[in-house]
Amino acid sequence: MNRLTAWIAPLAFMPVVWGAELKTEHTYQLEVGEARPTATLDDAGWLVGSWTGTAFGQNLEAAWNPPSAGSMIGLFKLYGDDGVAFYELLQLTVEEDTLSLKVKHFNADFTAWEEKADFVNFRLVKKEEDALHFGGLSFYKRGDDAIDGYIVMRNDEELVENHLKYTRR
């Protein structure tokens with residue numbers, strides 16, 4: 001497991017309790033008792049496509065398929081000069097009238113980070129015309145050909161917001 005994987009891996013096992021008040025500069029968390037926003041897959045349609053970019057000081061490739069059969073499927077790869085850091089398989093679905101983003105992580109050798117039946121579930125906490133905010137993870141549409149993503153991770157006791165920059169291929 002490389003250093004980046006070792007740093008991100010604990011995120012897979014953190015309970016996700018976030019929402020509509022600012023948690024960091026670009027991400028949100030729900031206030032106590034606040035309901036999740038109503039949303040459909042159409043609200044995420046601008047994610048569809050093939051993307052390249054940067055994150056964690058490395059390169060990324062991502063792709064999102066259009067909605068079909070009640071879900072959207074995405075793929076993510078982070079890599080650098082030393083090869084692949086990790087892969088993700090993503091499933092975006094509507095649950096309880098709002099969006100949930102389920103993520104399964106894999107090492108470069110395609111061994112899973114999570115146990116066989118486990119995954120990380122990012123639940124939608126705020127929706128804007130050009131942004132989707134999941135607990136600890138936000139996507140901002142920047143025109144038709146760019147997305148800024150932000151993910152919050154715990155580094156010891158400190159929350160650190162990381163920028164993912166996507167450009168349409």
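These numbers were taken from a predicted model, which means no experiment stands behind them.

S.K.: Would you mind going over the pattern of salt bridges with me for this structure?
M.R.: Where charged atoms from two side chains of opposite charge come close, those side chains can pair. Enumeration according to the criterion identifies seven salt bridges in this entry. Among the salt bridges present, the one from Arg169 reaches Glu61, with a minimum N-O distance of 3.4 Å. Here the residue Arg169 occupies a position in the segment after β12 (158–168), and Glu61 occupies one in strand β4 (residues 58–64), the gap between them amounting to 108 residues. Residue classification places Arg169 among the exposed positions, given a relative accessible area of 57%.

S.K.: Where do I start with the sheet that holds strand β11 (residues 146–155) in this structure?
M.R.: Two orientations exist for strands paired in a sheet by backbone hydrogen bonds: parallel and antiparallel. Pairing in this closed barrel of 10 strands is antiparallel, and the strands run β3-β4-β5-β6-β7-β8-β9-β10-β11-β12 around the ring. Neighbour-to-neighbour, the strand axes of this sheet turn through a mean angle of 25 degrees, independent of strand direction. Note: strand β7 (residues 98–106) against strand β8 (residues 120–128), four bridges, orientation antiparallel. In the sheet register, Lys102 faces β8, and the bridge partner there is Asn121.

S.K.: Would you mind showing me how to read the pairing of β11 here?
M.R.: Side chains on a regular strand alternate between the two faces of the sheet. Among the 10 residues that make up β11, seven are buried, leaving the element largely enclosed by the rest of the structure. In the sheet, strand β10 (residues 137–141) pairs with β11 via five bridges, with the strands oriented antiparallel. Each bridged residue has a counterpart across the sheet, and for Lys141 the counterpart in β11 is Ile147. Between β10 and β11, which pair antiparallel one after the other, the connecting turn spans four residues, and Gly143 there sits at a positive phi close to 75 degrees.

S.K.: Mind showing me how you'd approach the pairing of β10 here?
M.R.: A large share of β10 lies buried, amounting to four of its five residues. Sheet topology places strand β9 (residues 131–134) next to β10; four bridges connect them, and they run antiparallel. The residue bridging Ala131 from the neighbouring strand is Tyr140, located in β10.

S.K.: What's the story with the nonpolar core in this structure? I'm lost.
M.R.: Of all hydrophobic cores here, the largest spans 33 residues; its most connected members are Leu47, Leu92, Leu101 and Phe134. Ranked by the residues each element gives to this core, the list is headed by strand β6 (residues 83–95), at four residues. In contact with Phe134, not counting residues within four places along its chain, are Tyr28, Leu92, Leu99, Leu101, Phe122, Arg123, Leu124, Val125 and Phe139. Formed by six residues, the second largest nonpolar core is a distinct cluster that contains Tyr28, Leu30, Ala131 and Tyr150.

S.K.: Even after reading the chapter, I still don't get the side chain of Thr27, so can you show me in this structure?
M.R.: Mapped onto the fold, Thr27 is located in the loop between β1 (21–22) and β2 (28–29). What makes Thr27 buried here is its relative accessible area of 0%. A distance of 2.6 Å separates the side chain of Thr27 from the side chain of Thr24, its partner in a polar contact.

S.K.: Just to check I follow, could you spell out the confidence of the model for the protein chain for this structure?
M.R.: The share of residues in the protein chain with pLDDT of 70 or more is 88%, and the mean pLDDT across the chain is 90. When the criterion is pLDDT under 50, residues 9–19 qualifies, and its contacts beyond four places in sequence or with other chains add up to 29 contacts.

What counts as what
Residues numbered from 1 in each chain as written. Predicted model: local features only at pLDDT ≥ 70, side-chain atom pairs only at ≥ 80, totals over all residues. Heavy atoms only, no water. Salt bridge = Lys/Arg side-chain N within 4 Å of Asp/Glu carboxyl O. Helix = DSSP H or I, 4+ residues; strand = E, 2+ residues; numbered from the N terminus. Buried < 20%, exposed > 50% of the residue type's maximum accessible area, 1.4 Å probe, protein only. Pairing = 2+ DSSP bridges. Axes fitted to C-alpha atoms, helices over the stretch in contact; angles between N-to-C directions. Core = buried A, V, L, I, M, F, W, Y, C linked by side-chain atoms within 4.5 Å. Contact = heavy atoms within 4.5 Å. Polar contact = N/O pair within 3.5 Å; in protein donor to acceptor, adjacent residues only side chain to side chain. pLDDT = per-residue confidence, 0-100.

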